[in-house]
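Take a look at the letters that make up each chain.
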Amino acid sequence: MLPFSRVAIIGLGLIGSSLARAVRLHMPTVRLVGYDGSAAVRARVDELDLLDDIADTPGAAVIDADLVVLCVPVGQMGAAIEEMRADLPKGAIVSDVGSVKASVAALAGLIPEGVHFIPAHPVAGTEKSGPDAGFAELFHQRWCILTPLPGTDETAIERLAEFWKRLDSKVETMDAQHHDLVLAVTSHLPHLIAYSIVGTASDLEGVTRSEVIKYSAGGFRDFTRIAASDPQMWRDVFLANKDAVLEILQRFTEDLTALQRAIRWGDGDTLFNLFTRTRDIRRTIIDAGQDTAAPDFGRDHR
Ligand SMILES: NC(=O)C1=CN([C@@H]2O[C@H](COP(=O)(O)OP(=O)(O)OC[C@H]3O[C@@H](n4cnc5c(N)ncnc54)[C@H](O)[C@@H]3O)[C@@H](O)[C@H]2O)C=CC1
Ligand SMILES: O=C(O)C(=O)Cc1ccc(O)cc1
């Protein structure tokens, strides 16, 4: 039996539209309703025919849903809940896809009694945004991390886990604080470094912008892909995950200073040993099949 029969998606950009496409692909009998704050996005989703119904208000989208998934930027989660909370049916599960989890868990007080609230994060995405960038296979063989609050109904957690498994995701459960620390290392800091290095390159006085573009070798090109990620989404991530990002950033700058010292003093062993260790990490990631954003679909979507 399907875990849900009526799913509402709030926010129809990259992740919300991918979710709609994935539900259509894997659970075609589910009734899909969506809402987006942007009239232009609603119109585009209508053209793309991704949903059974596009609601004019958040309340109309959720009124008979058994699962509501918030796919808006992290800084908009509170507003999105406020806008629909009066219309949430008893027994429904409200979840989300936000990249930061403790700040979303802190919104639990806004959820009406009798409605389950289970924050979640599919660790799958690209640098693109908007409904045209979505694709049904985005979640295939990617992790979805559930961060239920203590005391959450176990059956509700199992139903949400089953939902993501049916979209071909792998599911893990952890607490929100731990999620935020792990993601600060594996996702948030790498994005911050990419934004920073691309900014540095474009500000260099002695190197022209056209030289940066013309001679950008593999490494810099990879950074520019990440640094092209959505500004609003990532502003919200850094503001919401401030503590964990600052903690990891502190460690990173100390390690960077050690590398600076090794270069200054010609300490090749330190450089060689670190580079050998990091190459092993890359090999482990590839062996685990985690080396691309969408392993089945190559680079077309990246
Ligand atoms: N982009 C990525 O690779 C990934 C993003 N996420 C998370 O998914 C969420 C959505 O990100 P994307 O789909 O990439 O962003 P997006 O920019 O493509 O889509 C967000 C949509 O939300 C709408 N929206 C904003 N505020 C709203 C509100 N209050 N009510 C209704 N609609 C509203 C916008 O109009 C937009 O269409 C974010 O929380 C992000 O952290 C999670 C995994 C990967
Ligand atoms: O495009 C990339 O490299 C990503 O890292 C995509 C991504 C962005 C945010 C998430 O919370 C999860 C995945």
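So, here is what we can say about the structure in this document. Please read these numbers as outputs of a predicted model, since none were measured by experiment. (Residues numbered from 1 in each chain as written. Chains lettered and ligands numbered in written order. Predicted model: local features only at pLDDT ≥ 70, side-chain atom pairs only at ≥ 80, totals over all residues. Heavy atoms only, no water.)

### Some remarks on helix α10 (residues 231-240)
Now for step 1: For α10, every residue scored as buried is listed here: W234, D236, V237 and F238.
Now for step 2: Buried residues in α10 make contact with α7 (176-203) and α11 (242-264). (Buried < 20%, exposed > 50% of the residue type's maximum accessible area, 1.4 Å probe, protein only. Helix = DSSP H or I, 4+ residues; strand = E, 2+ residues; numbered from the N terminus. Contact = heavy atoms within 4.5 Å.)

### A word on the packing of aromatic side chains
Now for step 1: In this structure the tally under the stated criterion is four aromatic pairs.
Now for step 2: Centre to centre, the rings of F139 and W164 are 5.2 Å apart; their planes meet at 80 degrees, and the pair counts as edge-to-face. Of this pair, F139 sits in the loop between β7 (120-122) and β8 (143-146) while W164 sits in helix α6 (residues 154-166); the two residues are 25 residues apart in sequence, bridging distant segments of the chain. Across the pair, W164 and F139 agree in class, each one buried.
Now for step 3: Relative to F238, the ring of W234 lies with its centre 5.9 Å away and its plane at 40 degrees, an arrangement referred to as tilted. With a gap of four residues between them, W234 and F238 both fall in helix α10, about one helical turn apart. Taken individually, W234 and F238 each receive the classification buried, so the pair is uniform in this respect. (Phe/Tyr/Trp six-rings, centres within 6.5 Å; stacked < 30°, edge-to-face > 60°.)

### With respect to the sheet that holds strand β1 (residues 6-10)
Now for step 1: Reading across the sheet, the six strands line up as β3-β2-β1-β4-β5-β6 and stay open at both edges, with parallel pairing between neighbours. Two strands lie at the open edges of the sheet, namely β3 (53-54) and β6 (116-118), each paired on one side alone.
Now for step 2: Its contacts with the sheet place helix α4 (residues 77-84) against β1, β4 (67-70), β5 (93-96) and β6, and it is angled at close to 145 degrees to β4. (Pairing = 2+ DSSP bridges. Axes fitted to C-alpha atoms, helices over the stretch in contact; angles between N-to-C directions.)

### Here's the deal with unusual backbone geometry
Working note: non-glycine residues mostly have negative phi, and peptide bonds are mostly trans.
Now for step 1: The backbone of D49 sits at a positive phi, close to 55 degrees, despite the residue not being glycine.
Now for step 2: Residue placement: D49 occurs in the loop between α2 (39-48) and β3.
Now for step 3: According to the relative accessible area criterion, D49 is exposed, its value standing at 51%.
Now for step 4: Backbone geometry places Q141, a non-glycine residue, at a positive phi of 60 degrees.
Now for step 5: Among the secondary structure elements, Q141 is positioned in the loop between β7 and β8.

### Things to note about the site of ligand 1
Now for step 1: Near ligand 1 lie 27 residues; those nearest to it are I15, D36, V72, S99 and G130.
Now for step 2: At a separation of 2.7 Å, an oxygen atom of ligand 1 approaches a polar side-chain atom of S99.
Now for step 3: Across the complex, the protein chains shield 88% of the 830 Å² of accessible surface that ligand 1 would expose by itself.
Now for step 4: Contributing elements (two or more residues each) for the shell around ligand 1: α1 (14-26) and β7. (Near = heavy atom within 4 Å. Polar contact = N/O pair within 3.5 Å; in protein donor to acceptor, adjacent residues only side chain to side chain. Areas by Shrake-Rupley, 256 points an atom, 1.4 Å probe, with all protein chains shown as cover.)

### Observations regarding the pattern of salt bridges
Side-chain pairing between opposite charges can occur once the charged atoms of the two side chains come close.
Now for step 1: All told, the structure shown has nine salt bridges when counted by the stated rule.
Now for step 2: Put simply, E162 and R166 hold a salt bridge, and the shortest N to O gap is 3.0 Å. Of this pair, E162 and R166 both sit in helix α6, four residues apart, roughly one helical turn.
Now for step 3: Judged by relative accessible area, E162 falls into the partly exposed class, the value being 30%.
Now for step 4: You can call R166 partly exposed: its relative accessible area is 30%.
Now for step 5: A salt bridge links D280 to R283; the nearest nitrogen and oxygen atoms lie 4.0 Å apart. Linking D280 with R283, this pair stays in helix α12 (residues 268-287), spanning three residues, or about one helical turn. (Salt bridge = Lys/Arg side-chain N within 4 Å of Asp/Glu carboxyl O.)

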